[in-house]
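Residue strings, one per chain:
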Amino acid sequence: MINYDIAVIGGGPAGLAAALKAKELGIEKIIILERAETLGGILEQCIHTGFGLHYFKEELSGPEYAGRFIEELKKTDIDVRTNTMVVDISSDKVVTAVGPNEGLLKIQAKAIILAMGCRERPRGAISIPGNRPAGVMTAGTAQKYVNIHGYMPGKKIVILGSGDIGLIMARRMALEGAEVKMVCEILPYSGGLARNIVQCLDDYGIPLKLSTTVVEIHGRERVEGVTIAKVDEKMRPIKGTEEYVECDTLLLSVGLIPENELSKSAGVDINCITGGPDVDEMRETSIRGIFACGNVLQVHDLVDYVTLEAQLAAEGAAEYIKKGEEEKKYAYTVNQNGVRYIVPQKININADRDVDLYFRVCQIYKNAKVVVKIDGETVISRKKPKLAPGEMETVKLKKDMIAKLKEDSLVEISVEESL
Amino acid sequence: MIYDVAVIGAGIIGALTARELAKYKLSAVLIEKCNDVAMGTTKANSAIVHAGFDAVPGTKKAIFNVLGAELMPKVTSELSVPYRNNGSLVVAFSEEELPELQNLLERGIKNGVKDLKILSKEELLELEPNISPEAVAALHAPTAGIVCPYEFAIAATENAVTNGVEFIRNCEVKDVEVHDDYTTLITNTGDIKAKVVVNAAGVFSDDIARMFGDDTINIVARKGEYYLFDKAVGHVVFHTVFQCPTPMGKGVLVTPTVDGNLLIGPTAVDIEDKNDTSTTYEGLMEVLNKAHKSVPTIINTRDAITQFSGLRAHAKSGDFIIGFSEKAPSLYNLAGIESPGLSAAPAIAVHAAQEVANKLGLTELKEDYNPIRPQPIRFRYLDDEEMAELIKKDPRYGRIICRCETITEGEIVEAIHAPAGARDIDGVKRRTRAGMGRCQGGFCSSKVLEILARELNIPYEEVTKEGGNSRILYGRTK
């Protein structure tokens, strides 16, 4: 058993930022456990630009963004173990990991920062009928083949799902000379960032077919085509709208799922909407001393916000180590009309700081108002020309508003449509 | 060379028969038209060891089912194949269905099934609290079980090869030439000569028989569609839960798998195309709706990890067809082995091998036959000390490739180099479970591809999902 102050699980953007921040705050013994051969996480295969606009005020590629943190890390004495996969976390913060170089590693940590990221929803989770040939894969897997291995997963591509990875891969495959026939989206709107729809589809003449899904996959050994169909408002395929599209590859970008199997093994409470842990404003989970940040907590659109969230979690962990387990009393956030979820789910009423609330809306709104109420009293009301589920929203609760919170106070966010 | 026996088809029937044949002093070859064993019905079925109350007393189905189920614990333990004796329940959902339970009970007793009992609603709900409150009673069969069918066939083939049987894959029988004392099988990879040919070709066994001039067998492919769910809901039921057979069909079952997942299905639709294993919107909806009848609240498609369909080899004559062909004396048919074929398989194999050996006059047993297929390393089941020890010995066991199922590089390499080992991504998946978990290979398939290419010394572009033209990659990027 080796003792550490903080064990950071995952060396992607969240883990890197968390470890660096904790070091900056004076924490001595920190270890990052990363299952891949290299640090950087999914950023390593995101060779497109668009990262860092908020955080660095510069447009960087994924590896460049990660590189900034990896360079910083080299200047510190943070212990980094790549090729090391955590297989268990116990509620008393014993981390078990294995790796070819490490063998079996047991770590007793004072605090743990969960930063495992997320995984892509596979074909089975959306039950597409038909054959099961080669050539059906998630957009992220295709991205790895193209950007890391340098191989083409196909030549004639249909993409199902207009999440950001799907949009990015539409452009990437087109740039590599593949024929990207279309992107189908079962919802009446795209779940991706508006800028990606313009830069990845419109600029390349790739059609986005809304309210459309794939209803059958054809081909015994390799994909030969798909049947697409329009769907009704309940997302059921409409008979008579079927259309056969010849292709050799179907890429799926149909959602991301925070990867919380380890959090569950530790006994952390998981939120059924975000798929991530329930946390307070410092990103502390239901187990004191275990923190979560990045896509393991909630699926982010922009890595810049992952970094900020990770720094917050690191601050929380540092404070926990320095001050020990101080009693916390909580107020709770509640998603009301039009709001799908809010992170954090609870706020320590003695948090003497501004608190940003991150949330997503349920549908597209135009000229609506975001209203925040504390115990029924409106504290913020802000006009928004457009709100979309694909774009994460934030509101800031100023320190003076936090000071008004009492134990079990309710902080509600709702969307009000103007008439 | 002329083999004593050639077995056509490396499904569970062919594989176990080959293994039984290996006990005798004779030469045998197992040929398979796909890139791997267990590629037909064996990889897509309910994975159930039936207790044996379903079949009509006196039929081959009844006899071999009960015998097979009895052999199951021993054979699966020799082959290190996951098997669990979880028991089964046939649930009646109305008073009208009660006579059917009684029927099944009496039939089961006639078939020699032990310990059958009809449970009251209260007893049932105590055993299985998640069963629908609409249930009124159930038939409990404690001898029923679950098994991993493809691992069973893989292990049997491995063990057969270890004991001297030759295994040839990607070898499709196109025609035969029957001579007086041997038969030539004309295949895409050359001729194979054998004195006796065992026909274990599943849904294609009638086509094989016809090549021998035996047109007495007619096989219908009967498709069954399934849903497989995440381990998170694998504990919803403990027993295999059947519904009462009605004139409308057998209903669907809800069962845990030996790997801890939840399986529901199948439908039953006769189809023309014996290669059609596609799933359908209607079929999958039917499975869900019917499964809801048994377990109403818990099954949510959000927890689904995959859907698939398999083809039952249904003989129009109804019963299993087991024995030498009356039309072609060198042909031994194992045809029409639909449910309870998996349960019956160990007993069918023993019987078939005996009959074939008798016919050849080669009943002498090998002294060095080894029935044991060693347990492949399963990293996830080791304790901390064992893990540390193993990684020290071979660091490849410390490199986890499949995160969802905790499968190491060492296990994958071992599966590739095993006798009759994996040659493609799905072959690795069936042997090790890499890619079998909730992300369905999203993270690990590219790594498995790398390992296959390296270990088999082939370029990336030649790695396939499951043989043939199922390649994953189309050449380099620009």
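Residues numbered from 1 in each chain as written. Chains lettered and ligands numbered in written order. Predicted model: local features only at pLDDT ≥ 70, side-chain atom pairs only at ≥ 80, totals over all residues. Heavy atoms only, no water.

### Considerations on the overall build of chain A
Thought 1: Regarding its fold elements, chain A presents nine helices and 27 strands.
Thought 2: Taken along the three principal axes of its C-alpha coordinates, chain A extends 65 × 60 × 40 Å.
Thought 3: By residue count, 59% of the 419 residues in chain A fall in the buried class.
Thought 4: Counted over contacts in chain A with a minimum sequence separation of 6, partners at least 24 positions apart contribute 62%. (Helix = DSSP H or I, 4+ residues; strand = E, 2+ residues; numbered from the N terminus. Buried < 20%, exposed > 50% of the residue type's maximum accessible area, 1.4 Å probe, protein only. Contact = heavy atoms within 4.5 Å.)

### Side note on helix α3 (residues 98-111) of chain B
Residues and elements named next belong to chain B.
Thought 1: In a regular helix each residue adds 1.5 Å, so 14 residues correspond to 20 Å; α3 covers 20 Å between its end C-alpha atoms and thus fits that length.
Thought 2: Within the span of α3, buried status applies to Leu-101, Leu-104, Leu-105, Gly-108 and Asn-111. Along the long axis of α3, the arc covered by the buried residues comes to 130°, so they all point the same way. Facing away from the buried side of α3 by over 90 degrees, the exposed positions are Pro-99, Ile-109 and Lys-110.
Thought 3: Looking at the buried positions of α3, the neighbouring elements they touch are α2 (60-78), β5 (88-92), β6 (117-120) and β7 (137-141).
Thought 4: Positive backbone phi, at 90°, marks Gly-112, one or two positions downstream of α3. (Expected span 1.5 Å × (residues − 1). Arc of directions from axis to C-beta.)

### Focus on the interface of chain B and chain A
By convention, interface size is frequently given as the accessible area that disappears when the constituent parts associate.
Thought 1: Chain B puts 54 residues into the contact, and the matching count from chain A is 52 residues.
Thought 2: The salt bridge partner of Arg-438 of chain B is Glu-261 of chain A, with a shortest N-O separation of 3.4 Å.
Thought 3: Those elements that provide at least two residues to the side of chain B that touches chain A are α7 (281-294), β18 (304-315), α9 (384-393) and α12 (445-456) of chain B.
Thought 4: Across the side of chain B that touches chain A, the residue classes break down as 19 nonpolar, 19 polar and 16 charged. (Salt bridge = Lys/Arg side-chain N within 4 Å of Asp/Glu carboxyl O. Nonpolar A, V, L, I, M, F, W, Y, C, P; charged D, E, K, R; others polar.)

### Examining the sheet that holds strand β21 (residues 339-343) of chain A
Residues and elements named next belong to chain A.
Thought 1: As summarised here, the arrangement of the three strands in space is β21-β23-β26, forming an open sheet in which the pairing is antiparallel. Of all the strands in the sheet, just β21 and β26 (393-397) have a single pairing partner and so form its edges. With direction set aside, neighbouring strand axes in the sheet form an average angle of 25°.
Thought 2: Summarising the sheet, β21 and strand β23 (residues 355-361) pair through four bridges and their orientation is antiparallel. Note on β23: the bridge partner recorded for Val-343 is Tyr-358. (Pairing = 2+ DSSP bridges. Axes fitted to C-alpha atoms, helices over the stretch in contact; angles between N-to-C directions.)

### So, the sheet that holds strand β14 (residues 212-218) of chain A
All names here are of chain A.
Thought 1: Here we have three strands laid out as an open sheet, ordered β14-β15-β16, and antiparallel in their pairing. Of all strands in the sheet, those with a lone pairing partner are β14 and β16 (243-246), marking the two edges. The mean angle between the axes of side-by-side strands here comes to 30°, regardless of whether they run parallel or antiparallel.
Thought 2: Pairing between strand β15 (residues 225-230) and β16: four bridges, direction antiparallel. Residue Ile-228 lies in a different strand from β16, and its bridge partner there is Glu-243.

### Examining the side chain of Arg-378 of chain B
Residue and element names in this part refer to chain B.
Thought 1: For Arg-378, the position within the fold is in the loop between α8 (341-360) and α9.
Thought 2: Residue Arg-378 is classed as buried on the basis of its relative accessible area, which comes to 10%.
Thought 3: With near-sequence residues (within four places) excluded, Arg-378 lies in contact with Glu-151, Glu-411 and Arg-431.

### As for the packing of aromatic side chains
Residue and element names in this part refer to chain A.
Thought 1: According to the stated counting rule, one finds twelve aromatic pairs over all chains in the structure shown.
Thought 2: Summarising the aromatic geometry, the rings of Tyr-55 and Phe-56 are spaced 4.9 Å apart at their centres and angled 80° between planes, so their arrangement reads as edge-to-face.
Thought 3: Looking at Tyr-55, the relative accessible area reads 30%, which means it is partly exposed.
Thought 4: Between Tyr-330 and Tyr-332 the ring centres are 6.5 Å apart and the planes differ by 55°, which places this aromatic pair in the tilted class.
Thought 5: Note on Tyr-332: relative accessible area 34%, which makes it partly exposed.
Thought 6: A network of ring pairs unites the aromatic residues Tyr-55, Phe-56, Tyr-65 and Phe-69 as a single cluster. (Phe/Tyr/Trp six-rings, centres within 6.5 Å; stacked < 30°, edge-to-face > 60°.)

### Description of helix α1 (residues 13-24) of chain A
Residues and elements named next belong to chain A.
Thought 1: Between its first and last C-alpha, α1 extends 17 Å over twelve residues, near the 16 Å set by a 1.5 Å rise per residue.
Thought 2: By the criterion of burial, α1 is predominantly enclosed, with eleven of the twelve residues buried.
Thought 3: Buried within α1 are the following residues: Pro-13, Ala-14, Gly-15, Leu-16, Ala-17, Ala-18, Ala-19, Leu-20, Lys-21, Ala-22 and Lys-23.
Thought 4: At its buried positions, α1 is contacted by β1 (2-9), β2 (30-33), α2 (62-74), β8 (103-114) and α8 (303-323).
Thought 5: Immediately downstream of α1, the backbone of Gly-26 shows phi near 95°, a positive value.

### Points about the confidence of the model for chain B
Thought 1: On average, chain B scores 96 in pLDDT, and the residues at 70 or more come to 99%.
Thought 2: Interface predicted TM-score (ipTM) for the complex: 0.94; the corresponding pTM is 0.95. (pLDDT = per-residue confidence, 0-100.)

### A closer look at the pattern of salt bridges
All names here are of chain B.
Thought 1: The tally for this structure, following the rule as stated, stands at 62 salt bridges over all chains.
Thought 2: Residues Lys-274 and Asp-206 are paired through a salt bridge, measuring 2.6 Å at the closest nitrogen-oxygen approach. Taken together, the residues span a long stretch of sequence, with Lys-274 in the loop between β17 (269-271) and α7 and Asp-206 in helix α6 (residues 205-211) at a distance of 68 residues. Neither Lys-274 nor Asp-206 differs from the other in exposure class; each is buried.

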